[in-house]
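# Observations on the model geometry
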Amino acid sequence: PEMLFNGSYDYRIDIWALGVLLYEMVHGHAPFRGDSVAEVKERMMKGSYELSDALSESLKKLITDILKFDPAERISLKEILVHH
């Protein structure tokens, strides 16, 4: 999101990308979808995506912790590695 909103970014953008990839691997589609770029951006800002009920609570929490719009709120790589 930092790049789409012309913000500065650091390594935490890669954590976001990891979350998007993880979401796509378990759902088969991107987490943020819409009919326009503006709609996708709005859903990203709101954190508006659905998690399948078939996922474990642990996986749901991991995805949720990664896909935080604010980079400062995202889980760290270290925390991802020890996540249960």
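We now turn to the structure provided with this report. Everything numeric in this text was worked out from a predicted model, so none of it was measured.

Glancing now at the nonpolar core. Burial of nonpolar side chains together is a common tendency in soluble globular proteins. Counting 16 residues, the largest nonpolar core has Phe32, Ile63 and Leu67 as its most contacted members. Listed by contribution, the elements that provide at least two residues to this core are helix 1 (12-27), helix 2 (37-46) and helix 3 (57-66). When residues no more than four places from it in sequence are discounted, the contact partners of Leu67 are Trp16, Gly19, Val20, Pro31, Phe32 and Tyr49.

Looking now at the side chain of His27. Within the element layout of this structure, His27 appears in helix 1. From its side chain, His27 meets the backbone nitrogen of Ser52 in a polar contact 3.0 Å long. Ignoring anything within four residues of it in the chain, the contact list for His27 reads Glu50, Leu51, Ser52 and Leu55.

Turning to the environment of Asp65, a few remarks are in order. Relative to the assigned elements, Asp65 resides in helix 3. With a relative accessible area of 16%, Asp65 lands in the buried category. Separated by 17 residues in sequence, Asp65 and Ser48 have C-alpha atoms that sit 13 Å apart. If we skip the residues at most four places from it in the chain, Asp65 touches Glu73, Arg74 and Ile75.

Our next topic: the packing of aromatic side chains. Counting across every chain of the model gives three aromatic pairs. For the ring pair Trp16 and Phe32, a centre distance of 5.5 Å and an interplane angle of 5 degrees mean the geometry is stacked. In this pair, Trp16 is assigned in helix 1 and Phe32 in the loop between helix 1 and helix 2, connecting sequence segments 16 residues apart. The exposure class assigned to Trp16 is buried, which follows from its relative accessible area of 6%. The exposure class assigned to Phe32 is buried, which follows from its relative accessible area of 8%. When the ring of Tyr23 is compared with that of Tyr49, the centres are 5.9 Å apart and the planes differ by 85 degrees; the resulting orientation is edge-to-face. Of this pair, Tyr23 sits in helix 1 while Tyr49 sits in the loop between helix 2 and helix 3, and the two are 26 residues apart along the sequence.

Conventions and cut-offs
Residues numbered from 1 in each chain as written. Predicted model: local features only at pLDDT ≥ 70, side-chain atom pairs only at ≥ 80, totals over all residues. Heavy atoms only, no water. Core = buried A, V, L, I, M, F, W, Y, C linked by side-chain atoms within 4.5 Å. Buried < 20%, exposed > 50% of the residue type's maximum accessible area, 1.4 Å probe, protein only. Helix = DSSP H or I, 4+ residues; strand = E, 2+ residues; numbered from the N terminus. Contact = heavy atoms within 4.5 Å. Polar contact = N/O pair within 3.5 Å; in protein donor to acceptor, adjacent residues only side chain to side chain. Phe/Tyr/Trp six-rings, centres within 6.5 Å; stacked < 30°, edge-to-face > 60°.

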